[in-house]
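Chain by chain, the residues:
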Amino acid sequence: MIVIDILAIIVSMILFIASLFRLKNEFNCRLFYYWFFWIIFVLPLILDYVIGYPTYSYYGSRMRGFLISYGDNRTRIYYAAFIVFIQLVILFHRPRIRIKLGNEERVNKSSKIQNYILSNRMTVICIAFAIIAPVICILLGWPQVIYEFGWREAKKYQEFVSRGFFTYIEEISYIGTVAAVILLMFDREKKGANKFLFKIFSAILLFFNLCIESKRSIFLFLLIIMSYIFLLKNKKKNLMKIIVTMLGLITIGLAASMYVKIVSRGYVGFDALYTTTRIDFFRDDTVKMALYSTFNKNQMKILSYPFESYVMQIGYLFFLGLISSAGFIDIKRMGYDYYLTSALTGTNLLNEKWMTTSMYDEAIANFGIAGIIVIAIFMSYYLRFIDEQSEFESILWLAFLVLYTMFSLDYIIIFGEAVIVVHILLKQPIVFKYKTQ
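None of the values given here were measured: they were computed from a predicted structure. Residue numbers here run from 1 along each chain, matching the order of that chain's written sequence. It should be noted that, the model being predicted, local features are given only for residues of pLDDT at least 70 and side-chain atom pairs only at 80 or more, the latter also being counted only at that level, while totals for whole chains, interfaces and linings use all residues. No hydrogens and no water enter the side-chain calculation; it runs on all heavy atoms of the structure.

Draft legend 1. Quick look at the packing of aromatic side chains. Ring geometry is summarised as follows: Phe, Tyr and Trp rings, the Trp one being its six-membered ring, pair when their centres sit within 6.5 Å, and such pairs are stacked at plane angles under 30 degrees, edge-to-face over 60 and tilted between the two. Tallying each qualifying case throughout the model produces 30 aromatic pairs. A ring pair is formed by F198 and F201, whose centres lie 6.2 Å apart and whose planes are at 45°; its orientation type is tilted. In this pair, F198 and F201 are both assigned in helix 8 (residues 195-213), 3 residues apart and thus about one turn of the helix distant. Accessibility expressed as a relative area gives 10% for F198, which makes it buried. Among the aromatic residues, those joined into a ring-pair cluster are F378, Y382, F385, W397, F400 and Y404. The rule is short: NZ of Lys or CZ of Arg within 6 Å of the ring centre and within 35 degrees of the ring normal puts a charge over the ring. We note R62 situated over the ring of W354; from NZ or CZ to the ring centre the distance is 4.2 Å. Positioned above the aromatic ring of Y79 is the side chain of K288, whose terminal nitrogen or guanidinium carbon lies 4.8 Å from the ring centre. Think of it this way: any DSSP run of H or I at least four residues long counts as a helix, any run of E at least two long counts as a strand, and we number them from the N terminus. Three labels apply to residues, based on accessible area from a 1.4 Å probe with only protein chains included: buried if under 20% of the type maximum, exposed if over 50%, partly exposed otherwise in between.

See the structure below:
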C-alpha cells in the first residue's frame, strides 16, 4: 500500500512540474483546474507521509466514516489510482465533440474582455449580482449581517439563519462575491475621475457578500477566483512572480483560517488544527469514504441506488425548494450532503448535513468505481467548454466547477442557473423592436 502511494506521489509530482512548464506557452482553465485538483486531492496524500494522518478520533463518533475508511488498504490503492487517472484526463484528454449552449456563432462583443476592460453590459450584470444578497438582507430587516464578519462563527442572529430562505441568500452571496471580484480586478469601459471611487464601491460590495456567508469556505473560494483572474491577466509575465503571488495568497488564506479556528472555535493543539484544516480545505477523505462504501456496503452505505442523489436534487432547481418550503407544492428533495453526513456519523437520514462533499465522491457513491470514469468525462468536456468562452464567462463557469468540487450540488444550483442566465444575456444580443404607424 505504501509503495502504491509513493508511486502515485512520484507520478503526480512529475505531472505537476510538467504543467508548470506548459505555463510558458499557454494558460487556460484546464491548466488552472489541474492545479486546484492537485492541491485539493493530491497534496493530502503527500501530507499523510510528511506530517501524518488526520486525527479523526478527535471528533469521536462524528467522524466514524473517516475513521474506518481512511486507513483501509484497498481504499487507499483505489484512491491512488483515482488521483493519477483524473490528472491524466485533465492534462491530456481533449474531447473532439464540442458542447454548445445557445448560438455560439453569434458571440456578442460585449462578452469579451478587450485588454482586460469590462464592457458596460458586463459591468451592469456584475453590479446587479453583487447587490442582490445585501439588498435582500436589508429588506428583511437584518442589515447587520452585511457588515459584521464572523457573526456565524459566533452563532449570532440564529433566528435569521433558521429561516428557510437564508440558504438561498447564502448561495447568492457566492455569486455576488465573484461579481464583486470581477469589478474590483478589471477596469470598466467607462473611464473618468470616478475610477477610484468605483473600486471602493466594488470593494464594499465584496465585503458585504463575504460577511453574509461569513464562513472560511468563502475566503478559500475568493482566493481561488482571485488567483485565476491574476493568472489570466499576467499569463505572459514572469513565472516566478506568479508562483510567489500564488503562494502569498495561499498563506493569507491559511493564516485567516487558523485565526478563526483558534479565536472563534477554540481549537488547541497541533493535531486539532491539522485535522480540522484537512477536513475544511481538502476532499480526499470524502472520496476515500465513498470508495470504501463501494467495497463494504454491509459496513457503510451512502446511497441506495444509482442516480439517487441526482434525482433527489432536481427539487432544488429554479427555486422549487423555496416554493415547496412555502407550502405551495410538495416536492421531495434532498442534497447529497445529507446522505454523506448520515453515512459519516452513522445517524438517521435527514438528521444533519454539515459535512462538505465534492462531485467526485458523489459520482462514486452513485455509480461505484465507474463513477470515476463518468465524472472524468463530464469534467473534461466541461473544461473544453469553458476554454471556448470569453475571459469574463470563463471566470463564471470555472467558479461553478470549483464550487461543485467543494460542495454538494444542491448548495450551488442557484449559482449554476445564474451563470446560464449570464451566458444567454451575453451570447444573444438584446434587441428591442417596435413598429411605427
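Draft legend 2. Expanded view of the pattern of salt bridges. Salt bridge, as applied in this entry: a Lys or Arg side-chain nitrogen positioned within 4 Å of an Asp or Glu carboxyl oxygen. Taken as a whole and assessed by the stated rule, the structure comprises 9 salt bridges. Residues participating in the shared-partner salt-bridge network are D5, D48, R76, R278, D284 and K288.

Draft legend 3. Seen up close, a nonpolar patch on the surface. Exposure above 30% relative accessible area and the lack of any salt bridge qualify a residue for a patch; like charges then connect within 9 Å, and the nonpolar side chains Val, Leu, Ile, Met, Phe, Trp and Tyr within 5 Å. For every accessible area listed, the method is Shrake-Rupley and the probe measures 1.4 Å; residues are considered covered only by the protein chains on display. On the surface, I2, V3, I4, I6, L7, I10, I14, Y49, Y53, I77 and Y78 cluster together into a nonpolar patch covering about 970 Å² of accessible area. Every element with two or more residues in the nonpolar patch is listed here: helix 1 (2-22) and helix 4 (73-92). The element that contributes the greatest number of residues to the nonpolar patch is helix 1, accounting for 7 residues. Residue placement: Y49 occurs in helix 2 (residues 29-50). A residue is classified by how much of its surface remains accessible, and Y49, at 33% relative accessible area, is partly exposed.

Draft legend 4. View of helix 2. Take the residue count of a helix, subtract one, and multiply by 1.5 Å to get its expected span. Taking 1.5 Å of rise per residue, 22 residues should cover 32 Å, and helix 2 covers 30 Å from first to last C-alpha, within 8% of that figure. What we call the bend at a residue is the angle made by axes fitted to the seven residues finishing there and the seven residues starting there. The sharpest bend along helix 2 measures roughly 40° and falls at I39. By the criterion of burial, helix 2 is predominantly enclosed, with 18 of the 22 residues buried. Phi turns positive one or two residues past the end of helix 2, at G52, with a value near 135°.

Draft legend 5. Expanded view of the nonpolar core. For the purposes of this section, nonpolar cores are sets of buried Ala, Val, Leu, Ile, Met, Phe, Trp, Tyr and Cys residues that join through side-chain atoms within 4.5 Å. Within the largest apolar cluster, 135 residues are counted, with the highest numbers of intra-cluster contacts made by Y33 and Y360. The greatest single-element share of this core, amounting to 15 residues, is contributed by helix 2. Other than its neighbours up to four places away in sequence, Y33 contacts I90, M359, Y360, M379, L383, L398, L401 and T405. The contact criterion used throughout is that any non-hydrogen atoms of two residues lie within 4.5 Å.

Draft legend 6. Structural view of the environment of Y53. With respect to the helices, strands and loops of the structure, Y53 is situated in the loop between helix 2 and helix 3 (64-69). Relative accessible area serves as the criterion here: at 36%, Y53 is assigned to the partly exposed category. The spatial distance from the C-alpha of Y53 to the C-alpha of Y70 is 8.5 Å, given a sequence separation of 17 residues. Y53 has contacts with M1, D48, Y70, G71, R76 and Y274, leaving out every residue within four places of it along the chain. A polar side-chain atom of Y53 sits 3.3 Å from a polar atom in the side chain of R76. Here a polar contact means two N or O atoms within 3.5 Å. Within protein one must be a hydrogen donor candidate and the other an acceptor candidate, and residues neighboring in sequence count only if both atoms are side-chain atoms.

Draft legend 7. Layout of unusual backbone geometry. We note that F307 has phi near 70°; this positive angle belongs to a residue other than glycine. Following the sequence through the fold, F307 ends up in the loop between helix 12 (284-295) and helix 13 (308-312).

Draft legend 8. Region of interest: the packing of helix 2 against helix 9 (residues 216-233). For the pair helix 2 and helix 9, interaxial distance at closest approach is 11 Å and the crossing angle is 140°. Here helix 9 runs oblique to helix 2, going by the angle between their axes. In terms of crossing hand, the pair formed by helix 2 and helix 9 is right-handed. Here C29, F32, W35 and F36 of helix 2 lie close against helix 9, whose contacting residues are I224, S227, Y228 and L231. Interaxial angle, 0 to 180 degrees, is taken between N-to-C directions of lines fitted to C-alpha atoms, where a helix line uses only the stretch in contact. Angles below 35 degrees are treated as roughly parallel, those above 145 as roughly antiparallel, those between 65 and 115 as roughly perpendicular, and all remaining angles as oblique. By convention, the crossing between two helices is left-handed when the near helix turns anticlockwise from the far helix through less than a right angle, and right-handed when the turn is clockwise.

Draft legend 9. Region of the structure containing the side chain of N366. Position of N366 among the secondary structure elements: in helix 16 (residues 359-367). A polar atom in the side chain of N366 sits 3.1 Å from the backbone nitrogen of E308. Beyond its immediate chain neighbours, meaning those up to four positions away, N366 contacts L303, Y305, P306, F307, E308, S309 and Y310.

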